[in-house]
Amino acid sequence: VTPLIKVNRTKSFGADVVLHGDVYDEACAYALELAEEKGYTFIHPFDDPAVATGQGTIAMEIIQELPLVDYILVPIGGGGLATGVSTLAKLLNPHIKVIGVEPQFFIDAGFLYEDVTNLIVTKDMSERKAKMIELGDAFIAFPGGTGTLEEIAEIMSKVSLGHLDAPCILYNLNGYYDSLRDLLRHMIEKDLSTEERQQEIYFAENLEQIKEILLKE
């Protein structure tokens, strides 16, 4: 399910958004039908050099903000993100390591991306998430939908219980996570949590604050 923030951001650029199907394959097939029927230009979401190049700018931003970064951890599905990030990261710093984590079913579907320093294959998405948590040094949630909430909630829980020693940062763009911050405060007021347990959970109002949090850890 596409996060609402992506839908709204796309609409804000003047685009019409058509939601179709429950999974990627259904949406992709319908997009191809529309392209054929109406003469639209079909842009693949990951198997496209221009798209991969755009996704690669993530690596550029990471290296600009953290010049001494040793490795970048990338979740792999179709491979577009991994292609862009690994290519640009290696151009900017040939010694950097890019670690990809990919579920087996993507490989079985033909989406195998090997041009990373190390490819870790998991049996499913749940195991991929667990491996990403195991390997990650910090966790940042940008505004997203229920999937993002589910993932960052697990991180917050592990951090609060002391099972994970890493900062959990919520990028509170335009107050997106204000309600979640209020809920965490309410938990403390009701003696269901403590400030000590939540001390590694941060709300950052801008990218500069995220950088400051990462550098102090």
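Scroll up a little and you will see the structure.
Residues numbered from 1 in each chain as written. Predicted model: local features only at pLDDT ≥ 70, side-chain atom pairs only at ≥ 80, totals over all residues. Heavy atoms only, no water.

Trainee: Is there a simple way to think about the packing of helix α3 (residues 49–65) against helix α4 (residues 80–92) in this case?
Mentor: A pair of packed helices is captured by two measures, namely the crossing angle of their axes and the spacing between those axes. Running from amino to carboxyl end, α3 crosses α4 at an angle of 45°, the nearest separation of the two axes being 7 Å. One finds that α3 runs oblique with respect to α4. Both α3 and α4 take part in a crossing whose hand is right-handed. Where α3 abuts α4, its residues Ala 52, Gln 55, Gly 56, Thr 57, Ile 58, Ala 59, Met 60 and Ile 63 lie against Gly 80, Leu 81, Thr 83, Gly 84, Val 85, Leu 88, Ala 89 and Leu 92. (Axes fitted to C-alpha atoms, helices over the stretch in contact; angles between N-to-C directions. Helix = DSSP H or I, 4+ residues; strand = E, 2+ residues; numbered from the N terminus. Parallel < 35°, antiparallel > 145°, perpendicular 65-115°, else oblique. Left-handed = near helix turned anticlockwise from the far one by under 90°. Contact = heavy atoms within 4.5 Å.)

Trainee: Explain the environment of Asp 137 here, please?
Mentor: For Asp 137, the location among the structural elements is in the loop between α6 (125–135) and β4 (139–141). Counting along the chain gives 29 residues from Asp 137 to Ala 166, while the straight-line C-alpha distance between them is 5.8 Å. Dropping the residues within four chain positions of it, Asp 137 is found in contact with Tyr 71, Ala 166 and Pro 167. A polar contact of 2.9 Å, which involves the side chain of Asp 137, links it to the side chain of Tyr 71. (Polar contact = N/O pair within 3.5 Å; in protein donor to acceptor, adjacent residues only side chain to side chain.)

Trainee: How should I be thinking about the pattern of salt bridges in this particular structure?
Mentor: Evaluated as defined, the whole model comprises eight salt bridges. Two residues, Lys 129 and Glu 150, come together in a salt bridge whose shortest N-O distance is 2.6 Å. You can see Lys 129 sitting in helix α6 and its partner Glu 150 sitting in helix α7 (residues 146–160), a full 21 residues away along the chain. Owing to a relative accessible area of 18%, Lys 129 belongs among the buried residues under this scheme. Assessed through its relative accessible area of 42%, Glu 150 is described here as partly exposed. Here Lys 129 ties to Glu 154 by a salt bridge, and the two come within 2.8 Å at their closest N and O atoms. You can see Lys 129 sitting in helix α6 and its partner Glu 154 sitting in helix α7, a full 25 residues away along the chain. Overlapping salt bridges, with partners in common, bring together Lys 129, Glu 150 and Glu 154 in one network. (Salt bridge = Lys/Arg side-chain N within 4 Å of Asp/Glu carboxyl O. Buried < 20%, exposed > 50% of the residue type's maximum accessible area, 1.4 Å probe, protein only.)

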